[in-house]
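Working through the structure, step by step
Each chain, letter by letter, is given below.
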Amino acid sequence: MSEKNHILEVKNLQVSYHTYAGEVKAVRGVNFELNTGEALAIVGESGCGKSVTAKTIMGLIKGPAGEVKKGSEILYKGENVLNYDKKQWQAYKGGECAIIFQDALASLNPTMRVGKQIMENLMVHKHMSKKEAQKEAVEMLRLVGIPEPEKRVKQYPHQFSGGMRQRVMIAIAFACDPKLLICDEPTTALDVTIQGQILDIIKDLQKRNNTSVIMITHDLGVVANVAQEIAVMYSGVIVERGKCEDIFYRPRHPYTWALIQSVPRLDLKNKQELASIPGTPPDLLNPPAGCPFSTRCKYCMGICKEQMPEITDFGDGHTAACWLHHPMAPKVEMPERKGGAE
Ligand SMILES: Nc1ncnc2c1ncn2[C@@H]1O[C@H](COP(=O)(O)OP(=O)(O)O)[C@@H](O)[C@H]1O
Ligand code: SF4
Ligand SMILES: [Mg+2]
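Residues numbered from 1 in each chain as written. Chains lettered and ligands numbered in written order. Predicted model: local features only at pLDDT ≥ 70, side-chain atom pairs only at ≥ 80, totals over all residues.

1. Thoughts on the overall build of the protein chain
Counted only if it meets this: Secondary structure elements are defined from DSSP: runs of H or I of at least 4 residues count as helices, runs of E of at least 2 residues count as strands, and each element is numbered from the N terminus. Throughout, the radius of gyration refers to the C-alpha atoms, and the reference size of a globule is 2.2 Å times the residue count to the power 0.38. Backbone-placed C-beta atoms define the burial measure: a residue is buried with 20 or more other C-beta atoms within 10 Å of its own, exposed with 12 or fewer, and partly exposed in between. By the criterion used throughout, residues are in contact when their C-beta atoms, derived from the backbone, lie within 7 Å.
Broken down by element type, the protein chain carries 11 helices and 13 strands. Here the C-alpha radius of gyration of the protein chain, 21 Å, is about what a compact globule of 342 residues would show, namely 20 Å. With respect to the principal axes defined by its C-alpha atoms, the protein chain has extents near 70 × 55 × 50 Å. Among the 342 residues that make up the protein chain, the fraction classed as buried is 39%. Looking at the protein chain alone, contacts between residues at least 24 apart form 64% of all its contacts between residues at least 6 apart.

Quick look at the structure:
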């Protein structure tokens, strides 16, 4: 198999916040690669470090409270962005990558017509004249599925519904022609039908422009049709990685098992009892010495509490960090999915 071309490689990323209570170790050694033109989903419960990872890649961690630890590497096209000077950061943040947040209202400029916000990016990044940008802004709104774009282009963000505002955000992000797009829970605040539409738009634009995408979500259910690869994150570390099919059909980590149990099954008509994961994630001020999931894992063994699990490689980029895969561990299979009568 040929080596894929990685637009982004994150190596041993460690990020902490210094608070009055102590050091919050938000990201504790994250590693992943993003293939050019593909989408990688980062999935995990709230508070596990997804947004901090995204912000670090976008250069948004600000000192003195936030600290990207020495030894961390974020290689964009082979160069460590953490060593960029001011000018390189500007070029990278302005033209190479873009981010879409969950809360479009907070990210849009409330006092500027949405058309102008799209036009600004088109004029700066695609060097269009004002007239060309005006025309293109209308086209971009049409492309993201906003009805009557000629009229809507002159309106302000507050005149749009949540779903429509998120579409505007996508139009603005793609107007920069980013090579790398990070979507941080872009559909979390929206209802299920609109969620699907927004994900479809991102997927279509990604294919059209060959954009590489990091899709961040707490909901494993939304990534199946969007990403080629999934990284499952827990308590500041990635516990399992692999191709979408491997994570859904051959998951190897008890936390991934629990996440899968909590995704509604569309093939079941009966009302389903969704398993929520009992317990809470560990305190990142004082994370456990061993496996971060050991406080909630029903398969926890003696060694789990003492030593961080080794990473087992199942081939084809599928890895999991769990002691169950040690040759001396008892054999355990993923539990049957619950969810009513077949
Ligand atoms: N500005 C901050 N100051 C202190 N702690 C923070 C700050 N931002 C995030 N954290 C902590 O970092 C951890 C990871 O947060 P975050 O990346 O936002 O989680 P997620 O996006 O996965 O829900 C959490 O424990 C959170 O409390
Ligand atoms: S290493 Fe141990 S505690 Fe951690 S997920 Fe595996 S079995 Fe559970
Ligand atoms: Mg977040």
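Here the narrative resumes, following the displayed structure.
2. Section: the environment of Lys305
On the secondary structure map, Lys305 appears in helix H11 (residues 302–306). A count of 13 C-beta atoms within 10 Å places Lys305 in the partly exposed class. Through-space distance from the C-alpha of Lys305 to that of Met123 is 55 Å; in sequence the pair is 182 residues apart. Not counting residues up to four positions away in its chain, the partners in contact with Lys305 are Pro288, Gly290, Ser294 and Cys300.

3. Describing the site of ligand 1
Under the convention used in this document: Each residue receives a C-beta atom placed from its backbone. It is near a molecule or strand if this atom lies within 6 Å of it. Amino acids outside the nonpolar list (Ala, Val, Leu, Ile, Met, Phe, Trp, Tyr, Cys, Pro) and the charged list (Asp, Glu, Lys, Arg) are all regarded as polar, and Gly is one of them.
Around ligand 1 sit 14 residues, and of these Tyr17, Ala26, Lys50, Ser51 and Val52 come closest. Sorting the residues of the shell around ligand 1 by element identifies strand E1 (6–19), strand E2 (22–35) and helix H1 (50–57) as the ones contributing at least two each. Ranked by residues supplied to the shell around ligand 1, first place goes to H1 with 3 residues. Tallied by class, the residues present in the shell around ligand 1 amount to 7 nonpolar, 6 polar and 1 charged.

4. Thoughts on the site of ligand 2
In the vicinity of ligand 2 there are 14 residues, among which Cys291, Ser294, Cys297, Cys304 and Cys322 approach most closely. For the shell around ligand 2, the residue count by class is 12 nonpolar, 2 polar and no charged.

5. A few points about the packing of helix H4 (residues 114–125) against helix H5 (residues 130–143)
The angle between the axes and the distance between the axes are what describe a pair of packed helices. The condition is simple: A fitted line through C-alpha atoms serves as each axis, taken over the contacting stretch for helices, and the angle formed by two N-to-C directions is quoted from 0 to 180°. Any angle that is under 35 degrees is reported as roughly parallel, and any over 145 degrees as roughly antiparallel; angles of 65 to 115 degrees are reported as roughly perpendicular and all others as oblique. Definitions for this section: a left-handed crossing has its near helix turned counterclockwise from the far helix by less than a right angle. A right-handed crossing has that turn clockwise.
Where H4 meets H5, the closest approach of the two axes is 9 Å, and the angle between their N-to-C directions is 120°. The angle between H4 and H5 falls in the class oblique. As for how H4 packs across H5, the hand of that crossing is right-handed. Contact residues: Gly115, Ile118, Met119, Leu122 and Met123 in H4; Lys130, Ala133, Gln134, Glu136, Ala137 and Met140 in H5. Taken together, the residues of the contact of H4 with H5 break down into 7 nonpolar, 2 polar and 2 charged.

6. Brief notes about the sheet that holds strand E12 (residues 311–313)
We count it as follows: We call two strands paired when DSSP finds no fewer than two bridges between them.
Spatially, 8 strands are ordered E7-E8-E9-E3-E10-E11-E13-E12 in an open sheet, and the strand pairing comes out mixed. This sheet does not close on itself; its edge strands, each paired only once, are strand E7 (97–100) and E12. Geometrically, the sheet is characterised by an average inter-axis angle of 20° between neighbouring strands, direction not taken into account. Taken together, the 5 bridges between strand E3 (residues 39–43) and strand E9 (residues 212–217) define a ladder with parallel strand orientation. The residue of E9 that forms the bridge with Ala41 is Met215. Each of E3, strand E10 (229–234) and strand E11 (237–243) touches helix H10 (residues 254–261); the most contacted strand, E10, lies at about 105° to it.

7. Some points on the pairing of E10
Looking down a regular strand, the side chains alternate between one sheet face and the other. In terms of burial, E10 is a largely internal element, 6 of the 6 residues being buried. Of the two faces of E10, the one lined by Glu229, Ala231 and Met233 and the one lined by Ile230, Val232 and Tyr234 are each fully buried. Where E3 lies against E10, 4 bridges are found, and the strand directions are parallel. For Val43, the partnering residue across the bridge sits in E10 and is Val232. Following E10, the chain reverses through 2 residues before pairing antiparallel with E11; Ser235 in that reversal takes a positive phi of roughly 50°.

8. Notes on helix H8 (residues 192–209)
Along an α-helix, residues three or four apart share an orientation, since each turn contains 3.6 residues. Rules: Given the number of residues in a helix, its expected span is that number minus one, multiplied by 1.5 Å. Summarising the geometry, the arc corresponds to the directions from the helix axis toward the C-beta atoms.
The first and last C-alpha atoms of H8 sit 26 Å apart over 18 residues, in line with the 26 Å expected at 1.5 Å per residue. Of the positions making up H8, those classed as buried are Gln195, Ile198, Ile202 and Gln206. Seen end-on, H8 carries its buried residues on one side only, within an arc spanning 75°. Away from its buried face, by an angle of more than 90 degrees, H8 presents the exposed residues Thr193, Lys207 and Arg208. Of the surrounding elements, those touching the buried residues of H8 are E3, helix H7 (162–175), strand E8 (180–184) and E9. At the C-terminal side of H8, Asn210 shows a positive phi close to 55°.

9. Considering the nonpolar core
Operational definition: By definition, a nonpolar core groups buried Ala, Val, Leu, Ile, Met, Phe, Trp, Tyr and Cys residues that are joined through C-beta atoms within 7 Å.
The biggest cluster of nonpolar side chains holds 88 residues, and the ones touching the most others in it are Ala41, Ala171, Met215 and Val232. The element contributing the most residues to this core is H7, with 9 residues. Beyond its immediate stretch of four places on either side in the chain, Met215 contacts Ala39, Ala41, Cys183, Val223, Val226 and Ala227.

10. What about the environment of Val24?
By secondary structure assignment, the location of Val24 is in strand E2. A sequence separation of 35 residues divides Val24 from Gly59, and the C-alpha atoms of the two residues are 19 Å apart. Setting aside residues up to four positions removed in sequence, Val24 forms contacts with Ser16, Tyr17, Thr19, Leu284 and Leu285.

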